[in-house]
Amino acid sequence: MTTNQPRSGYTLPVFACAAAVAALQYLQNRNQSIQQVSIDLIEPAEIVNISIEQIAILTEDSALAITRSEPGDNLDLTRNTPIWAMVEWLKNVPTPGTRGDQLSDAIYIQGGEGIGYDENTGKTAIYRYAKLLLLANLEKLLQPNERILITFILPEGKQLATRTSNAAFGIVEGLSLLGTTGISQALTVPEQLEQYQTQLQEKAQEFDCLVFCVGENGLDFAEKIGISPQQIIKTANWLGPMLVSAALAGVNSILLLGYHGKLIKLAGGIFHTHHYLADARLEILTAHCAIVGLPTPDLQQIFYSSTAEDGLQYLRELDAIAGENWVDRVYGAIATAIDHRSQAYIYTQCEKNVKVASLMFDRKRKIIIKSEIADALLEQICYQKNGF
């Protein structure tokens, strides 16, 4: 029997770069038909062809090109997302604003609609690999006297961003052009789990207490509060299998650390946290609000919030107005449920008793709640004190 291997694709910066290259080429040679462009990925060292969906001259000095994201067989919410790049000639050197950046003497970039930005600095969320990609592919096309401004637009970016944890990084109003490579490598479920489980088994030989981090934001937060990287395991969305693997490897206690919009799913018995498979965050939040006695009109407000972060903010507003402590009561109940359901999940799967604690933070990486046993675990695993 033949098994179909998953297809790899390309990361979002590659399509953004392709749109910019096409727009520049069309601006330089207006009668040229452009259906695809060749892009040097740099990492890996490979030249690939990217299709151009649409292209047009906007004004005498500007052109627009559109590509469409194709990440391969990954569960990626940017699949088929249109990426626009508008390239315009610059006669004078601009002063880049907070949403702009200068890549070279001849290339300036800025984020438009749907490209996120850091709410603390105002800087656009276009990162190192995307900038290297743009420089490598655009500089060689420019004549010595040519200078350009590139504006990237993701028409669906703002709406798609509400389905991510970008806000936990402080990135708001859109998606990031983020990545360290041009290839979006598709891994099968067994391959993904094998990578994580191998790391877990190695660390379980040294430590009987481990910290599970869901996503890059959890990893960064854990190190900032003084948790040794040697005790940290990245689980991505595979919480259930990883909990069981830890128990079988002899781990005695686990601290679950992550953005509340992810970890809250465990309180509802959802142990694979990818939104494609299950997403009941607001339902779980509303249920725990009801358990602790939040009035019905407020329950309705929570239930119809756009995100779990909005629900948390509503509870904070209630506390500020009435001098209540709804956040502590609601999230205390959620943290307790996460601990109990995680311990029960492990026992039902492999009949092992493992102590599980949880710590949740918000979009600004401020701790919302620690479960009752989290403090004791933090005393064991933190190599420096950070005001707990």
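Residues numbered from 1 in each chain as written. Predicted model: local features only at pLDDT ≥ 70, side-chain atom pairs only at ≥ 80, totals over all residues. Heavy atoms only, no water.

1. Section: the sheet that holds strand S11 (residues 148–153)
For step 1, the next point in the chain: Judged by pairing direction, the sheet is mixed, and its six strands sit side by side in the order S4-S5-S6-S11-S8-S7 without closing on themselves. Either end of the sheet is taken by a strand with one partner, and the two such strands are strand S4 (54–59) and strand S7 (100–102). With direction set aside, neighbouring strand axes in the sheet form an average angle of 20°.
For step 2, the next point in the chain: As defined by bridge partners, strand S5 (residues 62–68) adjoins strand S6 (residues 82–89) across seven bridges and the pair is classed as antiparallel. When the bridges of S6 are listed, Thr-67 appears paired with Ile-83.
For step 3, the next point in the chain: Strand contacts of helix H1 (residues 12–28): S4, S5, S6 and S11, with the helix running at about 40° to S6, the strand carrying the most contacts.
For step 4, the next point in the chain: Across the sheet, helix H2 (residues 128–138) lies against S7, strand S8 (107–111) and S11, angled at about 140° from S8, the strand it touches most. (Pairing = 2+ DSSP bridges. Helix = DSSP H or I, 4+ residues; strand = E, 2+ residues; numbered from the N terminus. Axes fitted to C-alpha atoms, helices over the stretch in contact; angles between N-to-C directions. Contact = heavy atoms within 4.5 Å.)

2. Concerning the layout of surface pockets
For step 1, the next point in the chain: In this structure, the second largest pocket spans a volume of roughly 700 Å³.
For step 2, the next point in the chain: Counting residues per element, the ones that place at least two in the lining of the second largest pocket are helix H3 (157–161), strand S12 (171–172), helix H8 (281–291) and helix H10 (308–322).
For step 3, the next point in the chain: Sort the elements by how many residues they give to the lining of the second largest pocket and H10 lands first, with five residues.
For step 4, the next point in the chain: Looking at the lining of the second largest pocket residue by residue, the classes come out as seven nonpolar, eight polar and twelve charged. (1 Å grid on protein atoms, 1.4 Å probe; cavity = no way out; pocket = protein on both sides within 12 Å on 5 of 7 lines; lining within 4 Å. Points joined across faces, edges and corners; volume = space filled by probe spheres on them. Nonpolar A, V, L, I, M, F, W, Y, C, P; charged D, E, K, R; others polar.)

3. Some details on the packing of aromatic side chains
For step 1, the next point in the chain: Within the structure shown, the criterion is met by five aromatic pairs.
For step 2, the next point in the chain: A ring pair is formed by Phe-221 and Phe-361, whose centres lie 4.4 Å apart and whose planes are at 25°; its orientation type is stacked. Here Phe-221 is found in helix H5 (residues 216–224), whereas its partner Phe-361 is found in strand S18 (residues 355–361), with 140 residues between them in sequence.
For step 3, the next point in the chain: Here the aromatic rings of Phe-271 and Tyr-345 are separated by 4.2 Å at their centres, their planes lie at 20°, and the arrangement is stacked. Here the residue Phe-271 occupies a position in the loop between helix H7 (260–263) and H8, and Tyr-345 occupies one in helix H11 (residues 326–350), the gap between them amounting to 74 residues. (Phe/Tyr/Trp six-rings, centres within 6.5 Å; stacked < 30°, edge-to-face > 60°.)

4. Thoughts on the packing of H8 against H10
For step 1, the next point in the chain: Where H8 meets H10, the closest approach of the two axes is 9 Å, and the angle between their N-to-C directions is 25°. Taken together, the axis directions place H8 and H10 in an arrangement best described as roughly parallel. On H10, the residues touching Arg-281, Leu-282, Leu-285 and Cys-289 of H8 are Ala-308, Gly-311, Leu-312 and Leu-315.
For step 2, the next point in the chain: Residue classes in the contact of H8 with H10 are distributed as six nonpolar, one polar and one charged. (Parallel < 35°, antiparallel > 145°, perpendicular 65-115°, else oblique.)

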